[in-house]
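Spelled out, the chains give:
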Amino acid sequence: MSNMMMAWILLMMMIWDKNVSFEAPESGYGDEDSDMQNINSDQSFAWIVYWILKYQERYRLSDMATNSLIKFIRYLLISLDENTYSKFPTSLYMARKLFGIGDQIIKYATCQTCCKLYSIKDLPTDKPYHCSFQNFPNHPMASFRAPCSSVITKQVPTNQGIVYRPALIFPIVNIKRQLQRLYNKEGFEESCRKWTARPNNDQELSDIYDGRIWKNFKDSSGDQLFFRHEVSDSHLGFMLNLDWFQPFDNSQYSVGVIYGVICNLPRSERFKTSNIITLAVIPGPNEPKLHQLNHYLAPVIDQFIELWEGIDISTKEKTSKQIRAAIICCACDIPAARKLCGHISARVACHRCEKIANFDNRNQPNFGGFDDMDQWFVKRDVDEIRKNANLWKECDSEDARKSHVSETLVRWSEIYRLPYFDPTQFLIVDPMHCLFLGIAKWIVTRLWIEENRLTMKNLAIMQERANKIKVPSDIGRIPNKIATGEGFSGFTADQWKTFILIYATTITWDLIKDNDRKILSYFVRACNILVCRIISKSGLNEAHRCLLSMVKLVEQQYGPEKITPNMHLCLHICECALDYGPLYSFWCYSFERMNGLLGNININTI
């Protein structure tokens, strides 16, 4: 055998031994954790620095303006007493360092084309750097094995000349330091223990602790439960949310955020902004495509793997305490949920059961057909999902990946690296998007208005009636938009909820036909049961029967093409409530509020 042939075979063996990898580079966040200290506020002038930082936050000052303010205050203080104020921060950077703010953030350089992450300290500053990520390292054609090669740095003029800096930054938090911050708060551990003293009623669900997940989730050994009374304040259950929002007016620019919520906290404290951890901010201007999200997930999952094994931190009550944590719930809208857990589009198949969409003669999907419901309304096999997700990584081309996803309904997600994660049960159907932004809006606008069951004259009558209804101030009136545009223009999820629960039956009843009244009554009854702060299991059974009767009646009256993914997914909401308690325990209203707060933050360059 010739040397050339041997070299070719060796090269092919090296190529085919590769596998697509989304792993993040070493960030260094673990190197400094052993000597974590509480916030350094021993200096007598710390309160002045703290006031300046809060002043910046309150009045949305730019970093440049705040930096100048700090330097001016330092000049004044040094003039008064140089010995006392000699260690006053010289810049905004040093002020943040005084309170440990800079240590909370880990920054990566990211490729704007493929989203691959790079350690900033490893990038050269004297020349541009090209992305080396191979999307298809095993592709049969050499040209498709080529790296991305996009330039991930940009020129920045400085006093020393032109240097190269990352063009796009991906920041994530050091979760360990965030937990340290929370455990340093007065009463945090006590709040985490409160769930152990709750009365237990097997027939009622009042919070996440009454759900099947909290009661049945096993520890890594499999011999005992993860959530136990003796570790109630050290074994943490995390709820994750992934979402995108538009931070700028009149501009198409999507920013993604991953939030984390500690479920051990009582519901009254769990979703407070001070207790919600912003785990990562995914840079825009566009959302990463499908599996590209894995690049951003990888460093977050790395930290949760470490948390599953256990970390030691100091707390308000103990000098050293072992903390363990697990992601037990993902609450997202449908597109984000499918990206996060690697499932195929909701237009094609359900992620919880065996239902696959039907396609009509126009190749449009629908989820109609309930005669064989007993065959498909069963939980998907988690082991098979994990196996197929791993096989996706071995696909050597884009066509192979698409074919694999079409056949198996799943692609790889970094969240599968968590050994305990259940991609069907832990991924809930969000009631806010499904029931109110989905079904409520669909019934009114697509079934009644588009099918001319409600005319513009009817909408004007409905608006006039709605204006006469007096509701408590904490509920809020629906806006004067029922008869605006094509009808119900710009209604938010909360406004749709209010409309369905309070207004719909009263102002619509005599304007629609008998079958539409039945559809409305089934839906309103189900929603009234589901939004209760305490739900009985018998109530959940009734709500499920109402939702099932509603979707069957919609199919009967309007055809199977009107059975949308939301119409199908609503049949799983009662299962989610059995797993996680009342809808208040897991719906996405609090995360949407966080998006609004982040979107309103002043940006220096805008």
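Owing to the predicted nature of the structure, the values given are computational and were not obtained by experimental measurement. (Residues numbered from 1 in each chain as written. Predicted model: local features only at pLDDT ≥ 70, side-chain atom pairs only at ≥ 80, totals over all residues. Heavy atoms only, no water.)

A.B. asks: So what about the overall build of the protein chain? Which residues, and what values?
C.D. replies: In terms of helices and strands, the protein chain carries 22 helices and 14 strands. Scaling as 2.2 N^0.38, a compact globule of 606 residues should have a C-alpha radius of gyration of about 25 Å, and the protein chain matches this with 27 Å. Dimensions of the protein chain, computed from C-alpha atoms along their principal axes, come out at roughly 85 × 80 × 55 Å. Sorting the 606 residues of the protein chain into buried and exposed places 52% on the buried side. For the protein chain, contacts bridging at least 24 residues in sequence account for 68% of all contacts bridging at least 6. (Helix = DSSP H or I, 4+ residues; strand = E, 2+ residues; numbered from the N terminus. Rg over C-alpha atoms; globule rule 2.2 N^0.38 Å. Buried < 20%, exposed > 50% of the residue type's maximum accessible area, 1.4 Å probe, protein only. Contact = heavy atoms within 4.5 Å.)

A.B. asks: Pulling in residues and values, what's your account of the nonpolar core?
C.D. replies: One recurring pattern in soluble globular proteins is that nonpolar side chains are buried together. Leu179, Phe499 and Met550 are the most contacted members of the largest nonpolar core, which has 151 residues in total. Here this core takes 12 residues from helix α15 (residues 431–449), the largest share from any one element. The residues contacting phenylalanine 499, other than those within four sequence positions of it, are Val444, Met462, Ile478, Phe488, Phe491, Ala504, Ile507 and Thr508. Core analysis: the second largest hydrophobic core is formed by 20 residues, Cys114, Cys131, Phe133 and Val410 among them. (Core = buried A, V, L, I, M, F, W, Y, C linked by side-chain atoms within 4.5 Å.)

A.B. asks: So what's going on with the side chain of threonine 408? Which residues, and what values?
C.D. replies: Looking at where threonine 408 falls in the secondary structure, it is placed in helix α14 (residues 398–408). Given a relative accessible area of 15%, threonine 408 falls into the buried group. Here histidine 404 takes part through its backbone oxygen, which lies 2.7 Å from a polar atom of the side chain of threonine 408. Not counting residues within four places of it along the chain, the set of residues in contact with threonine 408 comprises Arg380 and Asn388. (Polar contact = N/O pair within 3.5 Å; in protein donor to acceptor, adjacent residues only side chain to side chain.)

A.B. asks: Can you tell me about the pattern of salt bridges, naming the residues and giving the values?
C.D. replies: For the structure on display, the rule yields 28 salt bridges. A salt bridge links aspartate 219 to arginine 324; its shortest N-O distance comes to 2.8 Å. Residue aspartate 219 is located in the loop between α8 (212–216) and β7 (235–245), and its partner arginine 324 is located in strand β11 (residues 321–330); the two are separated by 105 residues in the primary sequence. The exposure class assigned to aspartate 219 is buried, which follows from its relative accessible area of 8%. The class for arginine 324 is buried, based on a relative accessible area of 9%. Residue glutamate 287 is joined to lysine 339 by a salt bridge in which the shortest nitrogen-to-oxygen separation is 3.1 Å. Placement of glutamate 287 in the loop between β9 (277–282) and α10 (293–309) and of lysine 339 in helix α11 (residues 334–341) is noted, with a sequence separation of 52 residues between them. Residue classification places glutamate 287 among the partly exposed residues on the basis of a relative accessible area of 37%. The network of salt bridges with shared partners includes Glu189, Arg193, Asp233, Glu317 and Lys321. (Salt bridge = Lys/Arg side-chain N within 4 Å of Asp/Glu carboxyl O.)

A.B. asks: I'd like to hear about helix α6 (residues 175–183), residue by residue, with values.
C.D. replies: Here α6 lies mainly inside the structure; eight of its nine residues are buried. The complete set of buried residues in α6 reads Ile175, Lys176, Arg177, Gln178, Leu179, Gln180, Leu182 and Tyr183. Measuring from the backbone nitrogen of lysine 176 back to the side-chain oxygen at the start of α6 gives 3.1 Å, which picks out asparagine 174 as the cap.

A.B. asks: Account for the confidence of the model for the protein chain, naming residues and giving values.
C.D. replies: Detail in the predicted coordinates should be disregarded across regions flagged by low pLDDT. With 92% of its residues at a pLDDT of 70 or more, the protein chain shows a mean pLDDT of 88. A low-confidence stretch, residues 1–17 (pLDDT under 50), is modelled with seven contacts involving residues beyond four sequence positions or located in other chains. Scored below 50 in pLDDT, residues 28–40 makes 18 contacts in the model with residues more than four places away or belonging to other chains. (pLDDT = per-residue confidence, 0-100.)

A.B. asks: Now, about the pairing of β11: what can you tell me, with residues and values included?
C.D. replies: With respect to burial, β11 is a largely interior element, nine of its 10 residues being buried. When β7 meets β11, the two strands line up parallel, connected through six bridges. Opposite histidine 235, over in β11, you have arginine 324 as the bridge partner. Relative to β11, strand β10 (residues 311–313) runs antiparallel, the two being bridged by three bridges. Each bridged residue has a counterpart across the sheet, and for isoleucine 313 the counterpart in β11 is lysine 321. (Pairing = 2+ DSSP bridges.)

A.B. asks: Give me the lowdown on empty space enclosed by the protein, citing residues and values where you can.
C.D. replies: Tallied over the entire structure, the rule returns four cavities of 30 Å³ or more. Taken as a whole, the largest cavity encloses approximately 100 Å³ of empty space. Cys332, Ile334, Val429, Asp430 and Leu569 are the residues nearest the centre of the largest cavity, which is lined by 13 residues in total. Mapped onto the lining of the largest cavity, the elements with two or more residues apiece are α11, α15 and α20 (565–569). Counting residues per element, the lining of the largest cavity draws most heavily on α11, at three residues. Split into classes, the residues belonging to the lining of the largest cavity amount to seven nonpolar, three polar and three charged. (1 Å grid on protein atoms, 1.4 Å probe; cavity = no way out; pocket = protein on both sides within 12 Å on 5 of 7 lines; lining within 4 Å. Points joined across faces, edges and corners; volume = space filled by probe spheres on them. Nonpolar A, V, L, I, M, F, W, Y, C, P; charged D, E, K, R; others polar.)

A.B. asks: Talk me through the side chain of aspartate 243; I want residue IDs and the actual numbers.
C.D. replies: Here aspartate 243 shows up in strand β7. Separated by 2.9 Å, the side chains of aspartate 243 and asparagine 595 make a polar contact. Residues in contact with aspartate 243, not counting those within four places in the same chain, are Val255, Gly256, Val257, Asp333, Glu592 and Asn595.

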